[in-house]
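# Remarks on the overall topology
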Protein chains: 2
Amino acid sequence: MISLQDVNPRVRAIRVSAQTALQSLSALQKDMAQEAQKPFKEVIDVGSGDSHRTGIKPISFIRQVLAVCLYPQLLEDDSLPLDVRLRAQRLLQACDGESVGSYTASSGLLHVRQNIADFITKRDAGVPSDSNDVFISAGAQRALMVVVKLLSRGEGQTQTGVLTPLPCPHTLPALLDEAGVTAVPYQLTEEQGWAVDLNKLHRVLQSSRGRCEPRAIYISNPGNPTGHVQDRKSIQEVIQLAAAERLLLLVDEVYQDSVYGLNREFISYKKILFEMDKEFRDTVELVSFHSLSCASVGECGLRAGYMEVINMDPEVKHFVDTMLCTDISTPVTGQLALDLMLNPPKRGDPSYDTYTQETRFARATLSLNAQRALEVLNNLPGMSCQSAMGGIYLYPRLHLPAKIRMQAKVQGVEADVLYCQKLLEEEGLLVGVGQQGGEAGPHHLRLCVLVPPDMLEKVMFRLCSFHLRLMNGHRDVDRSLTGEDEKENTEHVFNCGEGKSLSSSGDLMEAI
Amino acid sequence: MISLQDVNPRVRAIRVSAQTALQSLSALQKDMAQEAQKPFKEVIDVGSGDSHRTGIKPISFIRQVLAVCLYPQLLEDDSLPLDVRLRAQRLLQACDGESVGSYTASSGLLHVRQNIADFITKRDAGVPSDSNDVFISAGAQRALMVVVKLLSRGEGQTQTGVLTPLPCPHTLPALLDEAGVTAVPYQLTEEQGWAVDLNKLHRVLQSSRGRCEPRAIYISNPGNPTGHVQDRKSIQEVIQLAAAERLLLLVDEVYQDSVYGLNREFISYKKILFEMDKEFRDTVELVSFHSLSCASVGECGLRAGYMEVINMDPEVKHFVDTMLCTDISTPVTGQLALDLMLNPPKRGDPSYDTYTQETRFARATLSLNAQRALEVLNNLPGMSCQSAMGGIYLYPRLHLPAKIRMQAKVQGVEADVLYCQKLLEEEGLLVGVGQQGGEAGPHHLRLCVLVPPDMLEKVMFRLCSFHLRLMNGHRDVDRSLTGEDEKENTEHVFNCGEGKSLSSSGDLMEAI
């Protein structure tokens, strides 16, 4: 029998995130809630960044076209808009045998790659994009894995290093472990809304040499989970650093569709690179990732994303294709959905109005929810949150009382993990655990705020109730026994500031 | 800039199969055919084992349910069968947020895993299957990669070795390269219909020790691309060998639904293992793979498969989950389709008759096509083919004239690859290249015979025309100038034996 010590040491070294354990606990809580062993009827999950899970609706146009592609008899169904049927017909023609059941080239359907390139060109005000530089994959995570594996080599001091922000997307550390590269964390500056501090980045880079061979910088913009959106100057500085230090730029731009901060807009790294001098735009190697799991579409379950690869040696780029080959093919429904996401109905098309309404509603929900949640969180004692400008998360900081930190120590668990466990067990609310943890902290929570407005109210209520109980002397209060004092306290925090509850879509439509 | 020598040496070592180059050439031929620069109007691809590509129709029940799951408004559509809508409703309930757009647990939806376990239990006449041993992934290939990576360790003499059949599925060598394990090929016995020769397997295993550390046997049953189906005794022998040598069994049982050989049936390795003595059934580690891309369903593009893991140390099995976590989630439409494939309509359900007719038609097509193709191939000079008992391929042997082998040598290309290139360029037919190649051979072709019957006639006609031209003095004949002699010759071979052309579905229905 294969024993534990026979297992690939690289696989054994994968750091399983605390979130995984929480998810298992969450399944248990769900069962208990169903069996009425819990005061809550359902578990709400705002840790995973999956908006459909909490009730955000899919975009009708995307789902209608995919339904027709799967069951082409629906081409005859007059109750479906004409542009839906025409688009489905066009997409089916792009599939071999006109079936979504056929394999595609490993880097994706040519038709879709071309439409992605057209989208990028338009997004970047004419900076050209070549479909040969676009690679479709089963999610942005998969694309990232391909590039990171390409760079991976050496052991110990010669092992490839990748600079990673702290905090970073919670799935990143495990990916880097599996690929066999060293993560070199650079701290983002919380008090400046999680901005990139170039000096810090530079110092971390220099001090990493000798411990590993740094070969790439990973950056997430809009920031996951920070919500920070870089401005032009910050992006230029990072590009200059990458050029000077000959580092590959890995840019997670998955939330490019969800910038809502005042006077902020999304500007792609590529666009800025191509505005810079020739010495930069001809040499800096850049890979940009985008995904179907982004905010306005949120089709996490369909699994598709893409990367655009800039200035990479064609001999090296060849291996991107080789590695995608071992996946054989990317899910075709996901590929088609990418096409629909980036090439939506145009003004005058029958689906245009519904599409516009749905996407606007999603964006307004996101922005208003972020504002509302920020106010509530910042009114809680022992909690402080930077305001976000984009993305789908808030990342508040927890200032935990000594008592719970002590309790965590006794139980041999991180204090923030214990906080999340208790929140889940007592209130049926699953949030993401922050990334620094440890006894000293700082401790954080990750909250996806792209949820229906009435759901946000529930989330905030559960979080406040729990948090205030914890802060008020850290008693393990049975919820059914909660005293009036606490109720009042919760109400106070909850109705604070100007943030009116946006619990009906009527309110929201007004706000749009 | 990252240069070629910076690329991960393991990635650089991936052997790109000759098929990849042929596929690129195929795209070129398609374009030329469309621009009327070719005597053929379309390229036919029977190299990839993708039946929808050549026009085999999907199973309506699967596509209808998926369409409803994607666009739940169709639940109200009375024109869809009631069982379709009820099933869609049930599957949506199994998804978080009742949306296929939500992530699932990394090893798949519990509901689907349970239904897979129930299918396996029923298939194996009651041998119990536990849903905790079932892991869903984006295709069987992906599941295989997870297990192989788990086993991968060491370098040189201590590197993990996996015994692989020769011939094997054409995607396997690249997968093993990427995982960093040594492939140890064991030759199947062509003259015995590609049966496993246990003595050979044993000799290869012994001689591999010292070169690497063999830790697993990979086996494909029904055989890809051989079409061989192992009998009970052969399976028992392999299990005994695995037990004696403490090897993990990796069994590709993807084509379990497509055994058509006389007096042959599919028996799973697991069933046989559980009929053996306790010393075997409690200890032999076995992983069995199945896929949505199997014969009767053929949904290659949806990307889903699963593996069942037997007798694996729970501590080791834990890492299967960990590795699937880095994919985040398996495509949900694929997962649901797996459920539908393994749990089809029952007698009395509104969809039962259509479902039964469609799957029977696919199986009959496969069996009759295999018979028809076999006769044609074995009547060609310089070609011989073992009869197949299952799977979707024929794997004929080419006896190439010295002249083409010489030409290949001059051009610096394998003779069988040159054959396939010319076949593609001259006739627009893409077949799979065999796996041994080299100057000496033996040379083979891989042909997927799960194509519509009229398509098979075209495939055979193109292959015969080309092959006879090649054999008749190896002239590069312009097809428009083809002389009467050759035409007659082609007709002769083509109408040989008892094999009547099955070019209309009417003939086929009669044959069912």
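My aim in this report is to walk through the structure given alongside it, one point at a time.

Rules used throughout
- Throughout, a residue's number is its position along its own chain's written sequence, starting from 1.
- Chains carry letters and ligands carry numbers; both start at the beginning, A for chains and 1 for ligands, and go up in the order they are written.
- Residues qualify for local features only when their pLDDT is at least 70, as the model is predicted, and side-chain atom pairs are given and counted only at 80 or more; totals for whole chains, interfaces and linings, by contrast, use all residues.
- With hydrogens and water set aside, each side-chain value is computed from the structure's full complement of heavy atoms.
- Put simply, two rings from Phe, Tyr or Trp (the six-membered ring, in Trp's case) pair if the centres are within 6.5 Å, and we call them stacked under 30 degrees between planes, edge-to-face over 60, tilted for the rest.
- Helix and strand definitions here come from DSSP, where helices need a minimum of 4 consecutive H or I residues and strands a minimum of 2 consecutive E residues; each element is numbered from the N-terminal end.
- Each residue's exposure class comes from its accessible area (1.4 Å probe, protein chains only) as a fraction of the maximum for that residue type: buried when under 20%, exposed when over 50%, partly exposed otherwise.
- Whether a charge sits over a ring depends on NZ of Lys or CZ of Arg being within 6 Å of the ring centre and within 35 degrees of the ring normal.
- In this description, contact between two residues means that some pair of their heavy atoms is separated by no more than 4.5 Å.
- Only the stretch in contact is used when a helix axis is fitted, and all axes are lines through C-alpha atoms; the angle between N-to-C directions ranges over 0 to 180 degrees.
- When an angle is under 35 degrees it counts as roughly parallel; over 145 it counts as roughly antiparallel; between 65 and 115 it counts as roughly perpendicular; any other value is oblique.
- Each crossing gets its hand from how the near helix is turned against the far one by less than a right angle, where anticlockwise is left-handed and clockwise is right-handed.
- Throughout this entry, Asp, Glu, Lys and Arg are counted as charged residues, while Ala, Val, Leu, Ile, Met, Phe, Trp, Tyr, Cys and Pro are counted as nonpolar. The remaining residues, Gly among them, count as polar.
- We superpose the copies by least squares over the C-alpha atoms of residues that have a pLDDT of at least 70 in both of them.
- To count as a disulfide, a pair of cysteine sulfur atoms needs to be within 2.5 Å.
- Polar contacts here mean pairs of N or O atoms no more than 3.5 Å apart (in protein, one a potential hydrogen donor and the other a potential acceptor; neighbouring residues in sequence count only if both atoms are side-chain atoms).
- Put simply, buried area is how much 1.4 Å-probe accessible surface two parts lose in total, over both of them, once they are put together.
- Salt bridge, as used here, is a side-chain nitrogen of Lys or Arg placed within 4 Å of a carboxyl oxygen of Asp or Glu.
- Here, nonpolar core means buried Ala, Val, Leu, Ile, Met, Phe, Trp, Tyr and Cys residues that are tied together by side-chain atoms lying within 4.5 Å of each other.

Now for the packing of aromatic side chains. Overall, the coordinates contain four aromatic pairs over all chains when judged by the stated rule. Ring geometry for Trp-194 of chain A versus Tyr-395 of chain A: centroids 5.5 Å apart, planes at 65°, classification edge-to-face. Placement of the pair is Trp-194 of chain A in the loop between strand 4 (182-187) and helix 8 (198-208) and Tyr-395 of chain A in the loop between strand 10 (393-394) and strand 11 (397-398), with a sequence separation of 201 residues. Summarising the burial analysis for this pair, Trp-194 of chain A and Tyr-395 of chain A share the class buried. Centre to centre, the rings of Tyr-419 of chain B and Phe-466 of chain B are 5.0 Å apart; their planes meet at 85°, and the pair counts as edge-to-face. Of the two residues, Tyr-419 of chain B sits in helix 16 (residues 415-427) while Phe-466 of chain B sits in helix 17 (residues 453-471), which places them 47 residues apart along the sequence. The lysine or arginine in question, Arg-446 of chain B, covers the ring of Tyr-393 of chain B, its NZ or CZ lying 5.7 Å from the ring centre.

Bringing the environment of Gln-5 of chain A into the picture now. Mapped onto the secondary structure, Gln-5 of chain A falls in the segment before helix 1 (9-12). Excluding residues that lie within four positions of it along the chain, Gln-5 of chain A makes contacts with Arg-12 of chain A together with Arg-153 of chain B.

This next bit is on the packing of helix 8 (residues 198-208) of chain B against helix 9 (residues 232-245) of chain B. All names here are of chain B. The contact between helix 8 and helix 9 brings their axes to 11 Å, and the two run at 20°. The angle between helix 8 and helix 9 falls in the class roughly parallel. For helix 8 against helix 9, the interelement crossing comes out right-handed. Only Glu-237, Val-238, Leu-241 and Glu-245 of helix 9 make contact with helix 8, whose side of the interface consists of Leu-198, Leu-201, His-202, Leu-205 and Gln-206. For the contact of helix 8 with helix 9, a count of residues per class yields five nonpolar, two polar and two charged.

A few words now on the relation of the copies chain A and chain B. When chain A is fitted to chain B, the best match, at an RMSD of 0.0 Å, comes from turning it 180° and sliding it 0.0 Å along the axis. A rotation of that kind, with that shift, is consistent with a two-fold axis. By C-alpha distance to the rotation axis, the residue of chain A lying nearest is Ala-67 of chain A, at 2.1 Å. In this assembly the copies share their binding face: 99% of the residues contributing to the interface of chain A also contribute to that of chain B.

Here the focus is the state of the cysteines. Between two cysteines, a covalent bond joining their sulfur atoms is known as a disulfide. Counted by the stated rule, this structure contains zero disulfides over all chains. With no disulfide of its own, Cys-212 of chain A has Cys-168 of chain A as its nearest cysteine by sulfur position, at a separation of 15 Å. No disulfide involves Cys-325 of chain A; its nearest neighbouring cysteine sulfur is the one of Cys-300 of chain B, lying 15 Å away. Overall, Cys-325 of chain A belongs to the partly exposed group, its relative accessible area being 29%.

Mapped onto the elements, Thr-333 of chain A comes out in helix 13 (residues 332-342). Judged by relative accessible area, which is 1%, Thr-333 of chain A ranks as buried. Polar side-chain contacts of Thr-333 of chain A include one of 3.3 Å to the side chain of Thr-333 of chain B. For Thr-333 of chain A, the contacting residues outside a window of four places in its chain are Leu-66, Leu-70 and Leu-302 of chain A together with Leu-302 and Thr-333 of chain B.

Once that is clear, we can look at the interface of chain A and chain B. Across the contact, 79 residues belong to chain A and 78 residues belong to chain B. Around 6600 Å² of area is buried between chain A and chain B when both sides are counted, 58% of it from carbon and sulfur atoms. It is Met-1, Ile-2 and Tyr-103 of chain A that lose the most area in chain A upon contact with chain B, and together they represent 11% of the buried surface on that side. Summed over the shared surface of chain A and chain B, the number is eight salt bridges.

If you look at the biggest cluster of nonpolar residues, it comprises 262 residues, and the most contacted ones within it are Leu-250, Met-307 and Tyr-419 of chain A together with Leu-250, Met-307 and Tyr-419 of chain B. Residues in contact with Tyr-419 of chain B, not counting those within four places in the same chain, are Met-383, Leu-398, Leu-400, Ile-404, Leu-445, Leu-463, Phe-466, His-467 and Leu-470 of chain B.

Considering all chains together, one arrives at 54 salt bridges over all chains under this definition. The partner of Arg-232 of chain A in a salt bridge is Glu-275 of chain A, and the shortest N-O contact between them spans 2.5 Å. Remark: Glu-275 of chain A occurs in helix 10 (residues 269-275) and Arg-232 of chain A occurs in helix 9 (residues 232-244); sequence separation between them is 43 residues. Of the residues examined, Arg-232 of chain A reaches a relative accessible area of 33% and is grouped as partly exposed. Sharing partners across several salt bridges, the network here consists of Lys-30, Asp-45, Asp-50 and Arg-53 of chain A together with Asp-96 of chain B.

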